[in-house]
Amino acid sequence: MQIEEWKQEYKEFETVTRQFYTGEVSTKDYKGFSGGFGSYAQRGGTASMLRLRFPGGRISQDKLAFVVNSIKKYNIDKVHFTTCQTIQLHNLNADAVCDLASAALDYGIITRGGGGDFPRNVMVSPLSGVEQGEYFDVSPYARAASDYLMTLIHTVKLPRKLKVGFSNSPANVTHATFRDLGFVARKDGAFDVYSAGGLGANPKMGILVAEAIDGSQILYYIKAMVKLFTTYGNYQNRAKARTRYMQDTLGADFAKAFQDKLAEALNEEDLTISITPDEISKTPDDIKPTDSRAIPQKQPGLYAVKYHPIGGCPAPEKLIELYDTMCKMPLTELRLAPDETLYIVNCTGSEAETLLALTNDGASSEFEASVACIGASICQIGVRDSQKLLRTLTEASRTWNFKNGTLPKIHISGCPSSCGTHQIGEIGFRGGAKKVNGKTESAFVLFVNGNDTEGQERFGEQLGTITEQDIPQFLHDLGTEIEKAGLSYSEWYQAQPTRIQEIAAPYINK
């Protein structure tokens with residue numbers, strides 16, 4: 001669709017949004033409608049959030065200009081980087097959310113389908129195209145996939161959302177091997193294809209449905225997946241409507257069912273794509289940053305600067321500063337990562353030094369770079385405030401003074417939906433509740449030993465529930481023992497994998 005056609009749809013969004021704020025539309029009905037435009041009312045129904053889709057997490061300077069101008073115009077005080085490589089703008093009133101959703105279109109930012117039962121933001125390894133050691137740049141394929149999926153918003157009714165991801169290496173940071181549909185790069189320049197995986201309630205690893213496919217054929221596989229989902233997906237029970245439940249429905253016949261739909265797709269229309277590789281041509285300088293946050297790119301003399309705002313929530317003013325600085329740095333752009341990290345890519349050495357100084361307010365350790373969803377103070381379906389817990393733990397950890405690596409990056413989700421990806425963390429927490437002396441206390445369920453690396457994928461083991469107030473002391477006890485052993489958390493866990501359960505037991509059994 002053209003921009004003007006999209007804008008016509010946003011007129012309906014504005015009408016229904018204003019009706020919601022005047023009490024003419026219920027919270028439930030509004031949620032079912034507004035999600036399709038990438039917006040939800042926040043908890044309490046007095047403010048809205050808007051999710052800006054950036055395919056592959058790539059934010060060019062002109063798109064960043066829209067974000068920055070929006071912050072200035074509407075005095076936006078809360079921004080969140082999500083684990084699906086989008087940016088959420090929070091605490092918006094009716095005027096702001098209506099204006100911004102439509103105005104974003106002029107910058108090529110389409111919020112349509114950012115929520116609801118639609119194809120979601122296509123995910124890509126954040127350093128694809130610039131990362132040393134990657135198999136190949138998957139970004140151009142992901143862009144083609146995103147463009148195609150957007151054409152389905154008006155032609156296909158899905159049972160639930162559909163998430164597609166591309167990985168450029170075994171790091172698998174996009175979880176391509178357990179997405180609804182994942183394209184996994186291979187050394188030979190082809191893709192393996194995985195289907196019907198996902199986190200959340202009843203998580204499942206994806207099923208390998210094709211090996212060594214040519215990248216020119218990816219749209220056929222996407223169409224086959226959509227056909228499979230609309231044929232066998234559950235339209236009656238939303239709780240079982242995600243693609244992973246089709247593994248239960250189809251059982252051992254799943255791969256064959258996928259191939260049958262692929263055969264149909266191949267016979268219906270020509271979806272072959274031709275890819276032009278991205279080219280980066282920029283003259284480096286002689287400066288060689290030594291900070292570990294400056295990551296050498298595969299383009300000689302260029303760097304990516306890593307910045308992880310605590311909880312994925314940068315100060316809005318920081319984004320303004322970044323934009324003002326990047327405007328003087330040709331070809332630099334932002335890349336959002338699925339762990340809420342931000343990379344500024346295509347920097348010369350001197351540019352990297354400038355950006356390192358500008359972003360020194362971010363995480364200074366692996367533990368501070370922990371992941372948390374937006375949490376129950378904002379999210380309607382959230383159970384616990386994951387952001388609050390992370391802030392508490394970050395502040396406490398700065399008094400513990402453990403060596404970097406003693407405690408790992410942790411993943412915190414406010415509810416079973418796993419927006420904080422708690423199931424793939426070395427340590428994960430999921431919001432819950434616990435009875436203590438007959439009283440219900442705020443608590444989190446502890447998970448350990450998750451892994452998203454290709455070939456080593458596993459979901460974390462659930463050990464038990466710890467009250468929110470006891471989590472800092474539990475982690476302090478854990479870190480103290482690891483520090484005494486002189487090991488990193490990973491080394492310590494591998495040496496004695498049952499010990500963490502013993503340390504957690506007094507808190508779990510309390």
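Residues numbered from 1 in each chain as written. Predicted model: local features only at pLDDT ≥ 70, side-chain atom pairs only at ≥ 80, totals over all residues. Heavy atoms only, no water.

J.: Sorry, what's going on with the overall build of the chain here?
T.: If you tally the helices and strands in the chain, you get 14 helices and 19 strands. The C-alpha atoms of the chain give a radius of gyration of 22 Å, which matches the 24 Å a tight globule of 510 residues would have. C-alpha atoms of the chain, sized along the principal axes, occupy 65 × 60 × 55 Å. Looking at the chain as a whole, 59% of its 510 residues are labelled buried. Considering only residue pairs separated by 6 or more positions, the chain has 67% of its internal contacts joining residues 24 or more positions apart. Of the roughly 20700 Å² of accessible surface on the chain, a fraction of 47% belongs to carbon and sulfur atoms. Distance between charge centres in the chain, computed from 54 positive and 60 negative side chains, equals 6 Å. (Helix = DSSP H or I, 4+ residues; strand = E, 2+ residues; numbered from the N terminus. Rg over C-alpha atoms; globule rule 2.2 N^0.38 Å. Buried < 20%, exposed > 50% of the residue type's maximum accessible area, 1.4 Å probe, protein only. Contact = heavy atoms within 4.5 Å. Areas by Shrake-Rupley, 256 points an atom, 1.4 Å probe, with all protein chains shown as cover. Lys, Arg positive; Asp, Glu negative; His and termini not counted. Charge placed at Lys NZ, Arg CZ, Asp CG, Glu CD.)

J.: Explanation requested: the environment of Arg58 in the structure shown.
T.: Within the element layout of this structure, Arg58 appears in strand β3 (residues 58-59). Separated by 396 residues in sequence, Arg58 and Glu454 place their C-alpha atoms 23 Å apart. Excluding anything up to four places from it in sequence, Arg58 contacts Ser139, Arg143, Asp278, Glu333, Leu334 and Arg335. Here Asp278 takes part through its side chain, which lies 3.2 Å from a polar atom of the side chain of Arg58. (Polar contact = N/O pair within 3.5 Å; in protein donor to acceptor, adjacent residues only side chain to side chain.)

J.: In this structure, what is going on with the pairing of strand β5 (residues 87-92)? I would like to understand it.
T.: If a strand is regular, its side chains alternate between the two faces of the sheet. When you tally the buried positions in β5, you get five out of six residues, the bulk of the element. One ladder, built from three bridges, connects strand β4 (residues 79-81) with β5; its direction is antiparallel. Considered in β5, the bridge of His80 is made with Gln88. Between β4 and β5, which pair antiparallel one after the other, the connecting turn spans five residues, and Gln85 there sits at a positive phi close to 65°. (Pairing = 2+ DSSP bridges.)

J.: In this structure, what is going on with unusual backbone geometry? I would like to understand it.
T.: In terms of backbone geometry, most residues other than glycine have negative phi values and most peptide bonds are trans. With a phi close to 55°, Asn172 is a non-glycine residue in the positive phi region. Inspection of the secondary structure assignment puts Asn172 in the loop between β7 (164-167) and β8 (181-185). Backbone geometry places Glu340, a non-glycine residue, at a positive phi of 70°. Relative to the elements of secondary structure, Glu340 occurs in the loop between β13 (333-336) and β14 (342-347).

J.: I tried to follow the side chain of Gln247 on my own but got confused; where do I start?
T.: With respect to the helices and strands, Gln247 occurs in helix α7 (residues 246-250). Classification of Gln247 as buried rests on a relative accessible area of 17%. Not counting the four nearest positions on each side in its chain, Gln247 is found in contact with Ser195, Ala196, Gly197, Lys204, Met205, Gly206, Ile207 and Phe254.

J.: Quick question: what am I supposed to make of the sheet that holds strand β12 (residues 303-307) here?
T.: Strand pairing in a sheet relies on backbone hydrogen bonds. The paired strands run either parallel or antiparallel. The five strands are arranged β3-β13-β14-β12-β11 in an open sheet whose pairing can be described as antiparallel. Both outer strands of the open sheet, β3 and β11 (294-296), are each paired with one neighbouring strand and no more.

J.: Would you mind showing me how to read the packing of helix α3 (residues 61-74) against helix α9 (residues 316-326) here?
T.: Packed helices, taken two at a time, are described by the angle their axes make and the gap between the axes. The geometry of α3 relative to α9 is characterised by a closest axis approach of 9 Å and an angle of 140° between their N-to-C directions. With respect to α9, the axis of α3 lies oblique. Crossing angle aside, the handedness with which α3 passes α9 is left-handed. Residues Gln61, Leu64, Ala65, Val67, Val68, Ile71 and Lys72 of α3 form the contact with α9, whose participating residues are Pro316, Leu319, Ile320, Tyr323 and Met326. When the residues that make up the contact of α3 with α9 are grouped by side-chain class, the tally is 10 nonpolar, one polar and one charged. (Axes fitted to C-alpha atoms, helices over the stretch in contact; angles between N-to-C directions. Parallel < 35°, antiparallel > 145°, perpendicular 65-115°, else oblique. Left-handed = near helix turned anticlockwise from the far one by under 90°. Nonpolar A, V, L, I, M, F, W, Y, C, P; charged D, E, K, R; others polar.)

J.: Explain the packing of helix α11 (residues 386-400) against helix α12 (residues 471-485) to me, please; I cannot follow it from the model alone.
T.: It is at 10 Å that the axes of α11 and α12 come closest, and there the two elements cross at 40°. Between α11 and α12, the angle is such that the two are oblique. As α11 packs across α12, the resulting crossing turns out to be right-handed. Across from Leu389, Thr392, Leu393 and Trp400 in α11, the residues of α12 making contact are Ile471, Pro472, Leu475 and His476. Among the residues making up the contact of α11 with α12, the classes are represented as six nonpolar, two polar and no charged.

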